[in-house]
Amino acid sequence: MSKKCSCGNKADYAVHDDAQPKCLLCMLEAVDVPIPVLVRTLDPWEAEPVKPDLVDVIDE
Ligand SMILES: [Zn+2]
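About the criteria used
- Residues numbered from 1 in each chain as written.
- Predicted model: local features only at pLDDT ≥ 70, side-chain atom pairs only at ≥ 80, totals over all residues.
- Helix = DSSP H or I, 4+ residues; strand = E, 2+ residues; numbered from the N terminus.
- Buried ≥ 20, exposed ≤ 12 C-beta atoms within 10 Å, placed from the backbone.
- pLDDT = per-residue confidence, 0-100.
- Core = buried A, V, L, I, M, F, W, Y, C linked by C-beta atoms within 7 Å.
- Pairing = 2+ DSSP bridges.
- Axes fitted to C-alpha atoms, helices over the stretch in contact; angles between N-to-C directions.

## What to know about the overall build of the chain
- In terms of regular secondary structure, the chain is built from 3 helices and 3 strands.
- The secondary structure elements of the chain, listed N-terminal to C-terminal, are β-β-α-β-α-α.
- Classification of the 60 residues of the chain by burial places 13% in the buried group.

See the structure below:
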């Protein structure tokens, strides 16, 4: 199971400072604003499920 966008599609991008998982279409929608928006591709390990108790360690 991969990380999912809020619309239900597979997420390929991390958007905003809190790295919200987004698919291509939702990412394009999120950046369609007059201000800079932080976007990057998800790393392969991020697209895979991570044990919840490891997330805090990895995020540091
Ligand atoms: Zn989406």
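## Describing the confidence of the model for the chain
- Here the chain averages 85 in pLDDT, while 75% of its residues score no lower than 70.
- At the low end of the mean pLDDT range in the chain sits helix α3 (residues 52-59), at 59; at the high end sits helix α1 (residues 24-30), at 97.

## Details of the nonpolar core
- Within the largest apolar cluster, 6 residues are counted, these being Cys5, Ala11, Tyr13, Ala14, Val15 and Met27.
- In terms of residue count, strand β1 (residues 13-15) provides more of this core than any other element does, 3 residues in total.

## Quick look at the sheet that holds strand β2 (residues 20-22)
- Pairing in this open sheet of 3 strands is antiparallel, and the strands run β2-β1-β3 from one edge to the other. Across the chains shown, the open sheet's two edge strands, defined by having one partner strand only, are β2 and β3 (39-41). Averaged over neighbouring strand pairs, the angle between their axes works out to 35° when direction is ignored.
- Examined bridge by bridge, β1 and β3 share 3 bridges and lie antiparallel to one another. Considered in β3, the bridge of Val15 is made with Val39.

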